[in-house]
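Spelled out from the first residue to the last, the chains are:
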Amino acid sequence: MLSLPVQAQAADDRAFDVPKGSLSGVLPVISRQAGVSISVADARLWQARVKAVRGRMTVEEAIRRLLAGSDARAVRVSATSWRIEHRPAPVARILPGPRQTPQPRAREPSRDMIAAPRDEIIVTASKTNLPYSRFAGVVTKLDGGDLAFGGERGMDSILSRTATVSSTHLGSGRNKLFIRGIADSSFTGPTQSTVGQYFGDIRLSYNAPDPDLRLYDIDNVEILEGPQGTLYGAGSLGGIIRVVPKAPDPRAMAVQAIAGASLTEHGDPGGDIAAIANVPVGDDGHALRLVGYMLTDGGYIDNPLLGQNDVNRVYVRGGRGTFRVEAGDGWTIDVGGVYQAITSKDAQYADKNAPPLTRNSRVEQNAKARYGLGTIVAMKDWDDLRFQSSNAYIDHRLSERFDASVPDVEAAGNIDVTRLFSPVNVALITDRPRILDQFNATRMFVSENRLSRPYHDGLGWVVGVSFVDNRARQQRDFGIAGFGFSGFSKALPPIAEIVGSSGGAQSDVSLRGVSAVLPGVTNRITEFTGYAEATVELMPDLVAAGGLRLSHTRLGGSAEGVSLAIAQAQRGTTASRNETVLLPSVSLLATPLHNVRLYARYQEGFRPGGLAVDGNFVRRFLNDQVRTWEAGVRFGDRSQSLFDATISVSHSRWQNIQADFIDGNGFPTTANIGDGRITSLSVAIAVRPNAALTFEFGGVYNQSRVDDLSPQILPVSDAEPGRLGRIPNVASQAVRGSINYATMIGDQDFRLNGWANYIGPSRLGIGPVLGESQGDYVDTGLAMRLGNSRRGLSLTLTNLFDSRGNRFSLGTPFVEGNAGYMTPLRPRTIRIAVDVAY
């Protein structure tokens, strides 16, 4: 489904004194005075004669006057970037009867020199600024203002607006994302994500969960369905999600503030506050843009066993900043940083067999996620070429606590504590609450340098090289609360603090408790990549694209918390090794009829192998690879037609699927579970009866199966036929619908957005323990705002019918058989907010 961004027109006036002459001589002058970057798409336009521009006016008006009478027009690429290209020839239309062609209203400027935002939808994630009309594939483009409308909800804002993107629901900052049915497992293990997440052109993570960055001050979000291996490499099996932040604007200072308060039925209240500032620095085009925010979501899960109510409150605080430097000679440098911290006081799951929104846990299961990102991006445009160097350092940490308590230590599938503790202590600890602490630390350095020719005159291409160095460390502690712990009314400290000393794989009873350091693992991955892709118009109405990516990966690692003898015995397993992968892509797009486009595409994607914990040992898992064939048809054009639709069908073959499952000790582990196949059908429709009203509909159907299950994956004996090897966390069907309405009430803008999403049934995972069903629920919402560009009042309602549903069947991996957990929807919540801008 494609949503057009509504670009904000610059309303501030600037002083211009630009002489007439050739475009090549005049362009640097007007670019400097306007404080924007202007590129020329066709080198033949450099000698075009342009007019003088003098006086105070907006940037758009200045460019319109400059190009008046020429064969050129300007296209706004972003808030601070324009592109000059040939003005298309007018299309003659035969109107029935003697009706006259309507004339522009008085004082309305001609639009032939300035392209309206609707004129072209540019797929910037293509890395060649490819127009959507020339893109062979499915793109979902969401406006940043739409995502923030009704309250900022992070990734949930994206999930509620797309049918093809899905997620696990362990909690904010702990979830895994999936696109087009390419899903591996429910846990955050050593495997790389199947979805590539990008902030601008910076990769957000490698094998860490979704950081769930809050989407304040975002220009747009692009979602490309995968695989996208040629342009984005490893970890884009399902596709990519690219969040494009608003760039610093040197034209004018601006400040915006948003504050909201929310009430959750059956739960605690919450609130949010955010501030955004744009500050020009000097007169040379430098600017600083800052964003800061704090949010708290009230809890709604009760834990009667500990005498606690509404235990799952979440705190989020974060911010980011970007300083843009116009370094001269056409160079632009952005230096930026992002930081976000998420603290979850307790887990958000409930017991299936307990009263609604209730769970009986013997310990609090808190979690903390910390995400930091530093970036340096350098850009330069000259003639019809563009160079960009994107560099970043990422530090991502996640600590989680799980309740590992079970009433019977000998129950099948539970933890065998006799393997962790000395026999003399087993009798003392079987009735104590048990906990598993897991800590994941990821640090990554990424660098990509590319040269591109933005698509125009039937040709666009990009060549690039990239470097990734990623180190991911996972540590686990298993512990039994001791005699000094009573009432279970407070969260336990880390296991390392509970027990002062630990004897490797075993430890003794202390005054406070018992702890065992479980084996952990460190994975080190260094990746060198070169890639190229070109898009060529072979003939009118026929566009071909092809590309190739060569990736060389060096893999290494080590076992953590194992004895020296085991470490020495496993030196062969943990030794460094190399993998080289070649990823081709090819596509064709044809336009046989006006506003009817057919396309076919083939692409591949992969994830490198790694090391995983298996009991007291560490073992390897292999790389996996996806090959996808896709075909589709697009009808209509959002800028011209009443109706537009996209229909696509894809078939994927997935070899050596990397996934997590529960081992014989009750702990999550990772392995290649087998080969699979996925067939997906998606539909997106938009209808606009008039300029004020839009109806949107989207749906996806997935059919998946894992063939040749690994011997490690035990059959699910009680599963219904056909579900034995279904790929986990993939709903068989999902449907969404929305309505958007905008009008004027007096001199105020009124906007209303309502949505409903149905998520079909799916399975939690592979294997006998993770065979739980989930999904099959409806989520709804309604948002409205009354105001103008300076101030507004908004009201949002989510989960209108206060339904429960089951978003995710995993509470803790330590289950007794099929004990049954569920993660309900947040109960009906109302939010009232005000926003002001200066």
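Chemist: Got a minute to help me understand the overall build of the protein in this structure?
Modeler: Broken down by element type, the protein carries 9 helices and 47 strands. Counting across all 838 residues of the protein, residues that qualify as buried make up 59%. In the protein, 69% of the contacts between residues at least 6 apart in sequence involve partners at least 24 apart. Surface exposure of the protein reaches about 33400 Å², of which carbon and sulfur atoms provide 58%.

Chemist: Is there a simple way to think about helix α1 (residues 23-34) in this case?
Modeler: Over its 12 residues, α1 extends 15 Å from the first C-alpha to the last, a length consistent with the 16 Å expected when each residue adds 1.5 Å. Every buried residue of α1 is accounted for by L23, V26, L27, V29, I30, S31, Q33 and A34. Buried positions along α1 lie against β1 (14-18), β2 (21-22), β3 (37-40), β4 (49-50), α2 (59-67) and β7 (81-86). Following α1 by one or two positions, G35 adopts a phi angle in the positive range, close to 70°.

Chemist: So what exactly am I meant to see when it comes to unusual backbone geometry here?
Modeler: In the segment running from G226 into P227, the intervening peptide bond is cis, with an omega of 0°. Counting through the fold element by element, P227 comes out in the loop between β16 (218-225) and α5 (229-232). Residues other than glycine seldom take positive phi values, yet D329 does so here, at roughly 60°. Relative to the assigned elements, D329 resides in the loop between β21 (314-328) and β22 (331-344). Positive phi, normally seen in glycine, also occurs at N656, with a value near 55°. Within the element layout of this structure, N656 appears in the loop between β35 (643-655) and β36 (658-662).

Chemist: I tried to follow the sheet that holds strand β14 (residues 195-199) on my own but got confused; where do I start?
Modeler: Either a parallel or an antiparallel arrangement is found when strands of a sheet pair, and the pairing is made through backbone hydrogen bonds. One open sheet holds the 5 strands; their spatial order is β11-β16-β17-β14-β15, and the pairing between them is mixed. Single-partner strands in this sheet number two, and they are β11 (139-143) and β15 (202-203). Pairing geometry for β14 and β15, over 2 bridges, is antiparallel. Counterpart to Y198 in the pairing with β15 is R203.

Chemist: Sorry if this is basic, but what is going on with the nonpolar core here?
Modeler: A general feature of soluble globular proteins is that nonpolar side chains tend to end up buried together. Ranked by size, the top nonpolar core spans 35 residues in total, and within it I158, F199, V221, I223, I241, L373 and I394 carry the most contacts. Beyond its immediate chain neighbours, meaning those up to four positions away, I241 contacts I158, V165, L177, I179, V195, G196, Q197, Y198, V221, E222 and I223. Formed by 25 residues, the second largest nonpolar core is a distinct cluster that contains F16, L66, A72 and W82.

Conventions and cut-offs
- Residues numbered from 1 in each chain as written.
- Predicted model: local features only at pLDDT ≥ 70, side-chain atom pairs only at ≥ 80, totals over all residues.
- Heavy atoms only, no water.
- Helix = DSSP H or I, 4+ residues; strand = E, 2+ residues; numbered from the N terminus.
- Buried < 20%, exposed > 50% of the residue type's maximum accessible area, 1.4 Å probe, protein only.
- Contact = heavy atoms within 4.5 Å.
- Areas by Shrake-Rupley, 256 points an atom, 1.4 Å probe, with all protein chains shown as cover.
- Expected span 1.5 Å × (residues − 1).
- Pairing = 2+ DSSP bridges.
- Core = buried A, V, L, I, M, F, W, Y, C linked by side-chain atoms within 4.5 Å.

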